[in-house]
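# Descriptive analysis of the structure
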Amino acid sequence: RIRYHKWDVKYEFRSPDCYKKLVITINGMSPGPTILAQQGDTIIVEVTNSLITENLAIHWHGIRQKGTPWSDGTEAVTQCPLVPGDTFKYQFTVDRAGTYLYHGHYGMQRESGLYGSIRVSPPDGVSEPFAYDYDRSIILTDWYHKSTYEQAVGLSSIPFVWVGEPQSLLIQGKGKFDCSSAPAPSGVCNASNPECSPYVLTVVPGKTYRLRVASLTALSALSFQVEGHNMTVVEADGHYVEPFVVNNLFIYSGETYSVLIKADQDPSRNYWMSTNVVSRKPETADGLAILNYYPNHPQRSPPTLPPAGPIWNNTAPRLAQSQAIKARQGFIHPPPPSSDRVIVFLNTQNTINGYFRWSVNNVSFSLPNTPYLVALRQNLHRVFNQNPPPEGYDFANYDIYSKANNTNGTSSNAIYRLQFNTTVDIILQNANTMTVSNSETHPWHLHGHDFWVLGYGKGKFDIHNDTKKYNLVNPIMKNTVPLHPYGWTALRFRADNPGAWLFHCHVEAHFYMGMRVVFAEGIEKVGKLPSSIMGCGETKGFDKP
Ligand SMILES: O=C1O[C@H]([C@@H](O)CO)C(O)=C1O
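Calculation criteria
Residues numbered from 1 in each chain as written. Predicted model: local features only at pLDDT ≥ 70, side-chain atom pairs only at ≥ 80, totals over all residues. Helix = DSSP H or I, 4+ residues; strand = E, 2+ residues; numbered from the N terminus. Rg over C-alpha atoms; globule rule 2.2 N^0.38 Å. Buried ≥ 20, exposed ≤ 12 C-beta atoms within 10 Å, placed from the backbone. Contact = placed C-beta atoms within 7 Å. Pairing = 2+ DSSP bridges. Axes fitted to C-alpha atoms, helices over the stretch in contact; angles between N-to-C directions. Domains from an automatic or database assignment. Nonpolar A, V, L, I, M, F, W, Y, C, P; charged D, E, K, R; others polar.

### Brief notes about the overall build of the protein
- Within the protein, the secondary structure is distributed over 4 helices and 32 strands.
- Radius of gyration (C-alpha) of the protein: 22 Å, near the 24 Å computed for a compact globule of 545 residues.
- With the C-alpha coordinates aligned to their principal axes, the bounding extent of the protein is approximately 65 × 55 × 55 Å.
- By the burial criterion, 52% of the 545 residues in the protein qualify as buried.
- Looking at the protein alone, contacts between residues at least 24 apart form 79% of all its contacts between residues at least 6 apart.

### Some points on the sheet that holds strand 9 (residues 134–143)
- Pairing is mixed across the open sheet formed by 6 strands, whose spatial order is 10-9-12-17-14-15. Each edge of the sheet is formed by a strand with only one pairing partner; in this case those strands are strand 10 (168–171) and strand 15 (239–246). Between one strand axis and the next, the sheet turns by 25 degrees as a mean value, whatever way the strands run.
- Sheet topology places strand 9 next to strand 10; 4 bridges connect them, and they run antiparallel. Counterpart to Asp142 in the pairing with strand 10 is Leu169.

### With respect to the sheet that holds strand 3 (residues 35–38)
- With mixed pairing, 4 strands are arranged side by side in an open sheet as 3-8-7-5. Edge positions in the sheet fall to strand 3 and strand 5 (58–61), since each of these pairs with one other strand and no more. Each strand axis lies, on average, 20 degrees off the axis of its neighbour in the sheet, ignoring direction.
- Sheet topology places strand 3 next to strand 8 (residues 115–121); 4 bridges connect them, and they run parallel. When the bridges of strand 8 are listed, Ile35 appears paired with Ile118.

### Here we look at the domain arrangement of the protein
- Here the protein is described as being made up of domain 1 (2–324) and domain 2 (341–539).
- Between the C-alpha centres of domain 1 and domain 2 the distance comes to 25 Å.
- Each side of the interface is counted separately: domain 1 has 42 residues, and domain 2 has 48 residues.
- Taken together, the elements giving at least two residues each to the side of domain 1 that touches domain 2 come down to strand 6 (87–93), helix 1 (148–155), strand 15 and helix 2 (316–324).
- Here the side of domain 1 that touches domain 2 is composed, by residue class, of 19 nonpolar, 14 polar and 9 charged.

Have a look at this one:
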């Protein structure tokens with residue numbers, strides 16, 4: 001089946017947390033419309049850029065774009081962005097049931113509200129390996145009052161202006177900023193604006209809900225909890241999980257989970273759902289929503305205090321949850337037992353000519369003006385640096401626990417070329433930032449593939465011993481994975497999808513500041529590129545017949 005959508009993307013004044021600012025909407029909505037589809041369907045989205053003075057690109061997060069690498073929606077990697085007034089047709093197949101996302105992938109637009117859910121059901125006659133009565137989706141985000149533009153300029157200025165902690169946390173696009181906490185011009189912050197009434201999930205007592213929880217935060221790692229209700233984790237990034245029960249779910253930007261919740265508590269009242277910041281010292285109020293037991297009034301506040309959530313600076317339970325996620329029995333895709341290539345990515349904060357940057361192996365990524373996909377397919381060698389970027393770092397001498405003696409980095413647009421159909425291991429290695437005794441959480445997202453998560457650990461990854469602890473039996477496959485503070489994460493994937501694919505930290509500011517790489521594979525197998533992805537940089541005129 002073909003699922004056709006026509007979207008108009010524009011800025012509108014909105015007050016998702018009671019504070020009025022410019023929000024990017026799709027057909028008037030933020031979050032945008034949910035895309036519902038069945039495995040095997042073709043999705044067509046005709047997007048018109050009505051942002052007036054900004055370009056646009058939309059990424060289909062978790063969709064691998066097999067055979068349609070030009071529809072991945074990543075500016076300067078797979079397409080020229082849409083200029084204001086342009087319409088672009090994204091067309092791709094959803095080849096696996098599960099929970100996915102879409103969001104802006106031009107500059108830092110995602111965090112202006114340009115995002116939504118994709119929900120793919122199994123083909124006819126195939127049932128999910130767990131039972132539920134109802135299916136609901138929520139996306140968690142953090143929210144800033146400064147415009148994305150002001151943030152981007154601050155990040156690229158001397159002196160550096162950090163974005164800081166968010167002003168509020170939103171659950172499915174709704175939050176509450178305390179208007180009395182900061183003076184705002186009259187009419188800008190209005191606590192009684194109905195736009196910022198809490199999100200309500202109504203449940204029928206006794207029924208089981210599949211709640212698809214996703215995070216698209218700009219910065220924050222989150223914990224999510226439902227007062228008085230356990231959650232059974234059953235899906236992650238479109239793969240079935242061997243079920244396990246949690247009180248709170250840790251979730252990082254770019255991840256999706258399905259949890260089962262049974263409405264089996266006292267039905268005479270409502271309950272809180274809450275989300276709170278972890279991994280960074282919180283300066284943001286917890287995000288709240290209401291779990292409404294039918295037929296109680298949906299807006300009636302629960303008689304209790306919202307659950308507080310876990311303490312922010314304890315990494316142990318976060319690492320433990322990461323390690324608990326295994327592929328479900330009967331749905332295990334065993335990884336190849338070994339790999340053809342191992343690439344180590346040291347994650348560091350750097351300075352380049354006085355500018356703050358983020359890097360892998362001390363190289364901070366800069367985007368060319370021409371999409372890699374076109375440059376590679378049409379041999380436009382001038383577009384980017386043709387030398388291979390580093391495959392590792394100075395393992396013997398680099399102390400991951402201290403601020404580096406020399407924090408200088410370099411900037412490059414060189415890419416990793418992978419031999420088609422080979423198996424590649426990626427070791428993400430965390431380190432101290434430029435602040436003493438500080439290491440952050442980085443959620444890494446891979447376009448065009450799922451990877452096996454072979455393991456997580458603390459400290460410096462040891463290629464001789466830590467590889468022996470890899471889970472080669474039932475590792476989960478994902479597209480986004482956390483790298484915990486001072487830790488390592490080991491991934492394996494098959495370079496089997498012809499195209500050019502981003503791999504990056506999903507923290508919007510870190511991505512913007514260069515924490516990304518590009519992989520390219522099987523370019524000679526890429527089909528004829530649509531001229532609609534061309535027209536910028538070295539492809540000027542290529543879009544004309
Ligand atoms: O990129 C970042 O910059 C700040 C801080 O390191 C300097 O202000 C921070 O917390 C980041 O994640």
